[in-house]
Structure formats: structure tokens, C-alpha cells
Amino acid sequence: MSTVTRFAPSPTGLLHLGNIRTALINWLYAKNSGGKFILRIDDTDQERSKEEYISKIKYDLEWLGIDFDETFNQSSRFERYREEFEKLKSAGRIYACYETPDELERKRKLQMAAGGKQVYDRSALELSDQQKKDYELEGRKPHWRFLLQTERMQWNDLLKGEIDIDLTSLSDPVLFREDGVPLYTFCSAVDDIDFNITNVIRGDDHTSNTAVQIEIINALDKNKISFAHHALLKASSGDKLSKRDNVISIDSFREENIEPISILSLLSTIGTSKSIELKDSIQQIIDEFRLDTISTSPGRIETDVLKALNKKQVQKFEYDEVKTRLDKIDTNIDQKFWNTIKGNLDTVEDVAAWTDVVFKNNSFETEDKDYINLALELMPDEPWDDQTWTVWTNDIKERTGRKGRELFLPLRLAFTGLTHGPEMKLLIQLIGRSKILERTKN
Ligand code: GLU
């Protein structure tokens, strides 16, 4: 049986690095074994789900190069969930409950005060037909719970090893709400069976869901699914990531012109036993992927690390790979320009900041007028090459006795207006003699 994995986001916000890491792990696991990867949209909660987020999720995945073989929305399968629900009902595994949220909350508080487990007490199982009828006459509609029967659920988690969960410490899950909407725990189990999912890999916040879902799956079919739970990434502060953390959304990194390969490189190594490094290609990431290198303790997202990886990637780009992007900024950016400037960039688009430095007829204040005038007198004729700057500044050095910072900094300031930047021997070739004269005219 070939591997089938899935990524199942709820479209209630933008994807952040933590969500995408789960997607990536599932995708890599499938790719690495020639299997299939499915995108499932968990949109049963129609009030919170937004079409806009569905499109964004698909766009983010596509932009990163995480392609899916199939996609579907849970909202299109309500009939199917109803069918499977009826099966469980006939098998005596479902019971109707009439408590209002307030009543449930009161029970929970009492249990808390008494220091016991906060678990649904199954009092609905005791209701007589007459009591149920009375509730319905009162206008109450039932919600439906699944009767858990296993005391301890055990499985061999591909990441966490042997797991043993006390199911008596969990409430019987509600499968359908009183308004007829099926809930995630159930839908996910039905989908994982119907779509022949072989491996569910998700965050360890789902570990107890898994215990419940295995029991539901067993009641419907026979569990053939392997489960794996990875530690969730944390923010650099150590806090949990949230969908409201827009600063780490894929969308915001795209806007900041971070390269997909930088994000993928980070996410394929963060929270693993491997060192964080820039990868050459998605193929390399696929080839190197091993599930068992993923650590069970949480990795922390350092956006500075992502930025450093990106800076490295920018320096790796050959002119031809980015030419179309550079043309959008300024068609005068040629190969020599790119090669000179790229070492000073955090993102490709940052190159825009250097077009003025190279092309514009600026003039800059200088306090060292005599020194600059002398330098201009000594300025060699064109054509200029990689030796020109050395020859020129050696002359200036001989005539003035200056050296180091005193020799170089006033020149850089007068010619570029900046105290730092690419090597002057390269930069002056881009600026050229006439612009240097123009800039220092006054
Ligand atoms: N929609 C669920 C979530 O985003 C999916 C969990 C799962 O993978 O089953 O947490």
C-alpha cells in the first residue's frame, strides 16, 4: 500500500510557520516514499471558515512548491458524515444529550470544585424516552455523543513511541451539534478512512484526539492508520504560535520578499536533530527527509535565522535566475551590477536601494574638500577595471600620507553618500568617472 498523507488546516486564519511545517512534513513523507499528499480543508465550522483563507492556504502552498495530488472541503461531505453517523447509531455507540452549554459548564465547575476529573458524566444515558420527549417539547434539540468503551488506548506513535492514554479521563466526544453540524473529531476520522490515509502526522496538541479518533475509526472500520505527533514550534519568546501571529504568517514573509527555499530550509531543519542550513533545492530537502530526525521537543522560531538563510540565498542567486525580478525594479541592473551589490542585500528586492547610489546624479556634502579635489585630480581615465581603485588610492596615499579609514572613508562618502557598501573597487566601476565628477562638482 503506498503512502497517503494529508494536511488539514481550518481556514480560520493565515497559515503560519508552524502550520506550514506540519504540511511540509506530511508532504515530504509522501514524496520521499513516492506516495500521495492530500489537502483537506476543515471547514465544518461555517461561521469561522472564510473563503478568503482557503484561497490563501492554496496560494501559500503553491508558492512554497508544496503541491497536492487532491483536495476537498469537509463542508462538501456532510451527507457522508451523516451516513457513517447512522452506522454508529445503529451499532449503539451514539447517544442523545440535551444539556445546554450553561448546564455543562456548571457540571464542569462542580467537578472541578470537588477535585475530580472534568469529564462528561454520561447522565444523558439515564434519560427515559419520556424525559427526552419532554425536552424536545420544551424546544431542546439533542447533540450527539459517541460512547467511548476502551479504557486505555495504546498505539505506537511513529515519533513519540509507545503511547498509552487513559480514555476514562476524556469526555465522550460530541459528533453532531444540536444544529446538525458534524464536528471535526468525527469528520476527520471518516475522511481518514475514506481517503485511505496511511499516515496522520500532526502536532502533539492532537495526541488525545488521536486516542478518541482511533476508537471511532475502529468502530467504523479497522484502524489501518499510523499516527505520529510532532512537537509544536514555539515563538522565539517561548510562547505558543497563534493564527493571530501575523508576523510569522507565510503571507507576511512573502511580502517581505523572503525566498520560498529559505522558508523550506528553515522548516525542514528546525526542531530536528539536523543543523539549520540553507538547502540547494526542494529536491535536496525531499532526499534528505527522515521522519525520525524530528525531535519531540519544540523548536523555536527565530526570524533572524530565517533572514540570515535568506541573505545567503540571495548571494547564491546568479543574475539569470533573478533577471526578471531585477528588470521590474530597474532595467539598467545588469550582471555586473547584480554581482557587485548582491552581497549587501537581505532580499533580492532590496537591490532597489542601490539603484540611486549607482545611477543617480546626487551630490554629497563633504568636509574634506581639499582632499577630495586632490583625489579627483588623480582620478584615472576610463576604461576602469578591478585594478583601478588600488592604483588610484595608492597614488592618493603617496601624495597625502593618509592610510586606512582616513584614506578611504571620505572617498566612499563623497562618491556614494554612504559609510558602508560593496567593495569600492567594484562599485566605482558601476558609478563611472563622469558621475563621480558630477557628484563632487560642488
Ligand atoms: N483542522 C485540524 C487542525 O488544524 C486538523 C488536525 C488534523 O490533522 O487532523 O488542527
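Residues numbered from 1 in each chain as written. Predicted model: local features only at pLDDT ≥ 70, side-chain atom pairs only at ≥ 80, totals over all residues. Heavy atoms only, no water.

1. Quick word on the overall build of the protein
In step 1: Looking only at helices and strands, the protein features 19 helices and 10 strands.
In step 2: In summary, the protein has a C-alpha radius of gyration of 31 Å against a globular reference of 22 Å for 442 residues, an excess of more than 25%.
In step 3: Dimensions of the protein, computed from C-alpha atoms along their principal axes, come out at roughly 105 × 45 × 40 Å.
In step 4: Within the protein, the proportion of its 442 residues that are buried is 47%.
In step 5: Nonlocal contacts in the protein, meaning residues at least 24 apart in sequence, comprise 73% of its contacts between residues at least 6 apart.
In step 6: Looking at charge distribution, the protein has the averaged site of its 63 positive side-chain charges lying 2 Å from that of its 77 negative ones. (Helix = DSSP H or I, 4+ residues; strand = E, 2+ residues; numbered from the N terminus. Rg over C-alpha atoms; globule rule 2.2 N^0.38 Å. Buried < 20%, exposed > 50% of the residue type's maximum accessible area, 1.4 Å probe, protein only. Contact = heavy atoms within 4.5 Å. Lys, Arg positive; Asp, Glu negative; His and termini not counted. Charge placed at Lys NZ, Arg CZ, Asp CG, Glu CD.)

2. Let's talk about the packing of aromatic side chains
In step 1: Counted by the stated rule, this structure contains 12 aromatic pairs.
In step 2: Look at phenylalanine 176 and phenylalanine 186: their rings are 6.2 Å apart centre to centre, the planes differ by 55°, and that puts the pair in the tilted class. Pair noted here: phenylalanine 176 is in strand β8 (residues 174–176) and phenylalanine 186 is in helix α6 (residues 184–194), with a separation of 10 residues, a long-range link.
In step 3: Judged by its relative accessible area of 0%, phenylalanine 186 is buried.
In step 4: A centroid spacing of 5.6 Å and a plane angle of 20° characterise the contact between tryptophan 392 and phenylalanine 415, whose relative ring orientation is stacked. Of this pair, tryptophan 392 sits in helix α16 (residues 388–400) while phenylalanine 415 sits in helix α17 (residues 404–416); the two residues are 23 residues apart in sequence, bridging distant segments of the chain.
In step 5: Ring pairing ties together the aromatic residues Trp384, Trp389, Trp392, Phe408 and Phe415, which thus form one cluster.
In step 6: Above the ring of tryptophan 144, the side-chain terminus of lysine 89 is found at 4.3 Å from the ring centroid. (Phe/Tyr/Trp six-rings, centres within 6.5 Å; stacked < 30°, edge-to-face > 60°. Lys NZ or Arg CZ within 6 Å of the ring centre and 35° of its normal.)

3. Quick look at the site of the ligand
In step 1: As a structural note, the neighbourhood of the ligand is formed by Arg6, Ala8, Ser10, Arg40, Asp42, Tyr184, Ser188, Arg202 and His206.
In step 2: At 2.6 Å, a side-chain N or O of arginine 6 approaches an oxygen atom of the ligand.
In step 3: In the environment of the ligand, an oxygen atom lies 2.7 Å from a nitrogen or oxygen atom belonging to the side chain of arginine 202.
In step 4: Calculation on the ligand without its partners gives an accessible area of 300 Å², and the protein chains cover 79% of this total.
In step 5: A class-by-class count of the residues in the shell around the ligand yields two nonpolar, three polar and four charged. (Near = heavy atom within 4 Å. Polar contact = N/O pair within 3.5 Å; in protein donor to acceptor, adjacent residues only side chain to side chain. Areas by Shrake-Rupley, 256 points an atom, 1.4 Å probe, with all protein chains shown as cover. Nonpolar A, V, L, I, M, F, W, Y, C, P; charged D, E, K, R; others polar.)

4. Comments concerning the sheet that holds β8
In step 1: Taken together, the three strands give an open sheet; going across it, the order is β4-β5-β8, and neighbouring strands pair in antiparallel fashion. At either margin of the open sheet sits one strand with a lone partner, and together these are β4 (94–97) and β8. Geometrically, the sheet is characterised by an average inter-axis angle of 45° between neighbouring strands, direction not taken into account.
In step 2: When strand β5 (residues 143–146) meets β8, the two strands line up antiparallel, connected through two bridges. Counted as the bridge partner of arginine 145 is valine 174 from β8. (Pairing = 2+ DSSP bridges. Axes fitted to C-alpha atoms, helices over the stretch in contact; angles between N-to-C directions.)

5. So, α6
In an α-helix there are 3.6 residues to a turn, and that puts residues three or four apart on one side.
In step 1: Burial runs high along α6: nine of the 11 residues are buried.
In step 2: Within α6, burial applies to Thr185, Phe186, Cys187, Ser188, Ala189, Val190, Asp191, Asp192 and Ile193.
In step 3: Two residues or fewer past α6, asparagine 196 is found with a positive phi of approximately 50°.

6. A word on helix α11 (residues 303–316)
In step 1: With 14 residues, α11 should cover 20 Å at 1.5 Å per step; its first-to-last C-alpha distance of 20 Å lies within 8% of that length.
In step 2: Turning to α11, its buried residues are Leu306, Leu309, Asn310, Gln313 and Val314. Looking straight down α11, one finds its buried side chains confined to an arc of 145°; they lie on one side. Facing away from the buried side of α11 by over 90 degrees, the exposed positions are Asp304 and Lys312.
In step 3: Here the buried face of α11 lies against α8 (250–255), α9 (260–269) and α13 (335–341). (Expected span 1.5 Å × (residues − 1). Arc of directions from axis to C-beta.)

7. A closer look at empty space enclosed by the protein
In step 1: On inspection of all chains with the given rule, the structure shows two cavities of 30 Å³ or more.
In step 2: Roughly 70 Å³ of volume is contained in the largest cavity.
In step 3: Lining the largest cavity we find Arg21, Ile25, Leu28, Leu267, Ser268, Ile270, Thr272, Lys274, Phe289, Arg290, Thr293 and Ile294.
In step 4: Listed by contribution, the elements that provide at least two residues to the lining of the largest cavity are α1 (17–32) and α9.
In step 5: Tallying contributions element by element places α1 first for the lining of the largest cavity, with three residues.
In step 6: Grouping the amino acids of the lining of the largest cavity by side-chain chemistry returns six nonpolar, three polar and three charged.
In step 7: There is about 40 Å³ of room inside the second largest cavity. (1 Å grid on protein atoms, 1.4 Å probe; cavity = no way out; pocket = protein on both sides within 12 Å on 5 of 7 lines; lining within 4 Å. Points joined across faces, edges and corners; volume = space filled by probe spheres on them.)

8. Considerations on the layout of surface pockets
In step 1: Reported here for the second largest pocket is a volume of approximately 180 Å³.
In step 2: Lining the second largest pocket are Ser363, Phe364, Glu365, Thr366, Lys369, Ile372, Asn373, Ala414, Arg439, Thr440, Lys441 and Asn442.
In step 3: The element contributing the most residues to the lining of the second largest pocket is helix α15 (residues 369–378), with three residues.
In step 4: Considered class by class, the residues forming the lining of the second largest pocket number three nonpolar, five polar and four charged.

9. Details of the pattern of salt bridges
In step 1: Applying the stated criterion across every chain yields a total of 39 salt bridges.
In step 2: For the salt bridge of arginine 77 with aspartate 194, the shortest nitrogen-to-oxygen distance reads 2.8 Å. With arginine 77 in the loop between β3 (70–73) and α3 (78–90) and aspartate 194 in helix α6, the pair connects residues that are 117 residues apart, well separated along the chain.
In step 3: Here glutamate 256 and lysine 307 are joined by a salt bridge, their closest N and O atoms 3.7 Å apart. (Salt bridge = Lys/Arg side-chain N within 4 Å of Asp/Glu carboxyl O.)

10. Let's talk about the nonpolar core
In step 1: Ranked by size, the top nonpolar core spans 43 residues in total, and within it Leu17, Leu61, Ile66, Ile263, Leu267 and Leu291 carry the most contacts.
In step 2: Of all the secondary-structure elements, those providing two or more residues to this core are α1, β2 (36–41), α2 (51–64), α8, α9, α10 (282–288) and α11.
In step 3: The dominant element in this core, judged by the number of residues it contributes, is α1, at eight residues.
In step 4: Leaving out residues up to four positions away in the same chain, leucine 17 has contacts with Leu233, Ile248, Ile250, Phe253, Ile263, Leu267 and Ile301.
In step 5: Counting residues in hydrophobic clusters, the runner-up holds 41 residues, among them Ile165, Phe176, Ala211 and Phe227. (Core = buried A, V, L, I, M, F, W, Y, C linked by side-chain atoms within 4.5 Å.)

By themselves, these are just geometric observations and shouldn't be taken as functional.
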